[in-house]
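# Coordinate analysis (summary)
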Amino acid sequence: SQTIHQWPATLVQPVGSPLSLECTVEGTSNPNLYWYRQAAGRGLQLLFYSVGIGQISSEVPQNLSASRPQDRQFILSSKKLLLSDSGFYLCAWSPRQAEKLFFGSGTQLSVL
Amino acid sequence: GQQVMQIPQYQHVQEGEDFTTYCNSSTTLSNIQWYKQRPGGHPVFLIQLVKSGEVKKQKRLTFQFGEAKKNSSLHITATQTTDVGTYFCAGPFSSGSARQLTFGSGTQLTVLP
């Protein structure tokens, strides 16, 4: 069966520090991969999605970037975090575009 | 732009009361999906509706897709404390050559014992 792993679960980082969040999927090939951000008590904002290795689409211009170095690995990065980057970051995968999403357990990022 | 509106934003009900959340799209949707996110958790897929006027049931949950495929609703009968969480609808929209899900803002349900 397919599983998705996302880590770390919580992260506290100072403003200006770098960020690297990793997500891996097991049990499937060539998944569509996604990074979402959720502010406290708010909806889900799509940040990046990828339909294949090295293919990244950005939905929102921002301080973050994403990479897909391997088929089932998706990384969210920042060179210098801002206070506004705080939030709950969710990785997700789907078999095909716009099909149902399977979410990771999320990373609660606090930038102080 | 392409978006999905969801109301209400918050709903407090007494245990045993019914609950409904509504979702409206700016355009016709090929399908609509519903997710539930428990407090502190991640969204979990509940169901997908595809056909015009479709109604699906999961125990006390009833999902409807409008005739025009632009709106949907989730109704919970006789809420229980286990129903607490945020319910999101999501619909596929085209972005360039890609199609991605756009989520509604969610309805946060609180069930008072």
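Below is a summary of the structure that appears in this document. Model, not experiment: these values are computed from the prediction.

For the rest of this paragraph, the subject is the state of the cysteines. Residue and element names in this part refer to chain A. A complete count under the given rule lists two disulfides over all chains for this structure. Disulfide partner of Cys-23: Cys-91, at an S-S distance of 2.0 Å. Disulfide Cys-23 to Cys-91: torsion about the S-S bond roughly -80°, handedness left-handed. Of the two residues, Cys-23 sits in strand E3 (residues 19–26) while Cys-91 sits in strand E9 (residues 87–94), which places them 68 residues apart along the sequence. Owing to a relative accessible area of 1%, Cys-23 belongs among the buried residues under this scheme.

In this structure, B:Ser25 sits in strand E3 (residues 19–25). Here B:Thr27 takes part through its backbone oxygen, which lies 2.5 Å from a polar atom of the side chain of B:Ser25.

All names here are of chain B. Looking at the secondary structure, you find Glu-54 in the loop between strand E5 (44–49) and strand E6 (55–58). What makes Glu-54 buried here is its relative accessible area of 16%. Setting aside residues up to four positions removed in sequence, Glu-54 forms contacts with Leu-49, Phe-63, Gln-64 and Phe-65.

Below, the discussion takes up the nonpolar core. Counting 20 residues, the largest nonpolar core has B:Ile32, B:Trp34 and B:Phe63 as the members making the most contacts within it. Looking at this core, the elements with two or more residues in it are E3, strand E4 (32–37), E5, strand E7 (61–65), strand E8 (71–76), strand E9 (85–95) and strand E11 (107–112) of chain B. Excluding residues within four positions of it along the chain, B:Phe63 makes contact with B:Trp34, B:Leu46, B:Ile47, B:Leu49, B:Glu54, B:Val55, B:Lys56, B:Gln58, B:Ser73 and B:Leu74. Membership of the second largest hydrophobic core comes to 19 residues, among which are A:Leu33, A:Ala66, A:Trp93 and A:Leu109.

The next subject is the interface of chain B and chain A. Taken together, the 18 residues of chain B in the interface contact 20 residues of chain A. Buried surface at the junction of chain B and chain A, summed over both partners, amounts to about 1,500 Å²; 55% is from carbon and sulfur atoms. Of all residues in chain B, the largest losses of buried area upon contact with chain A belong to B:His42, B:Gln100 and B:Phe103, amounting jointly to 32% of the total for that side. At the boundary of chain B and chain A, one finds zero salt bridges. Taken together, the elements giving at least two residues each to the side of chain B that touches chain A come down to E4, E9 and strand E10 (98–103) of chain B.

For the structure on display, the rule yields 13 aromatic pairs over all chains. An aromatic cluster is present here, built from A:Tyr34, A:Tyr36, A:Tyr49, A:Phe103, B:Tyr35, B:Phe45, B:Phe88 and B:Phe103 joined pairwise through their rings.

A few words now on the sheet that holds strand E7 (residues 65–70) of chain A. Residue and element names in this part refer to chain A. One open sheet accounts for four strands, arranged E1-E3-E8-E7; its pairing is antiparallel. One side of each edge strand has no neighbouring strand; the edge strands of this open sheet are strand E1 (3–7) and E7. Strand-to-strand twist in this sheet, taken as the mean axis angle between neighbours without regard to direction, amounts to 20°. The pairing of E1 with E3 spans five bridges and is classified as antiparallel. Across the sheet, the residue bridging to Trp-7 is Glu-22, located in E3.

What counts, and where the lines are drawn
- Every residue gets a number counted from 1 within its own chain, in the order that chain's sequence is written.
- Just so you know, chain letters begin at A and ligand numbers begin at 1, following the order they were written in.
- Per-residue local features are limited, in this predicted model, to residues with pLDDT of at least 70; the limit for side-chain atom pairs, both in listing and counting, is 80 or more; totals at the level of whole chains, interfaces and linings are taken over all residues.
- Computation of side-chain values covers all heavy atoms of the structure but excludes hydrogens and water.
- Two cysteine sulfur atoms make up a disulfide if the distance between them is within 2.5 Å.
- Helix and strand labels come from DSSP, where a helix needs a run of H or I of at least four residues and a strand needs a run of E of at least two; each type is numbered from the N terminus.
- Partly exposed describes any residue whose relative accessible area lies between the buried limit of under 20% and the exposed limit of over 50%, with all areas from a 1.4 Å probe on protein chains only and scaled to the type maximum.
- Between N or O atoms, a polar contact is any pair within 3.5 Å; within protein, one atom must be a potential hydrogen donor and the other a potential acceptor, and residues adjacent in sequence are included only when both atoms are from side chains.
- Any two residues having at least one pair of non-hydrogen atoms within 4.5 Å are treated as being in contact.
- By nonpolar core is meant a set of buried Ala, Val, Leu, Ile, Met, Phe, Trp, Tyr and Cys residues that side-chain atoms within 4.5 Å join together.
- Buried area counts how much accessible surface, traced with a 1.4 Å probe, disappears from two parts once they are put together, with both parts' losses summed.
- Throughout this description, the term salt bridge denotes a Lys or Arg side-chain nitrogen within 4 Å of a carboxyl oxygen of Asp or Glu.
- Ring pairs shown here join Phe, Tyr and Trp side chains whose ring centres sit within 6.5 Å, with only the six-membered ring taken for Trp; geometry is labelled stacked below 30 degrees between planes, edge-to-face above 60, and tilted in between.
- Criterion used throughout: strands pair if DSSP finds at least two bridges between them.
- An axis is simply a line fitted to the C-alpha atoms; with a helix, the fit covers only the stretch in contact. Between two such axes, the angle follows the N-to-C directions and lies from 0 to 180 degrees.

Worth remembering: the numbers are spatial, not functional.
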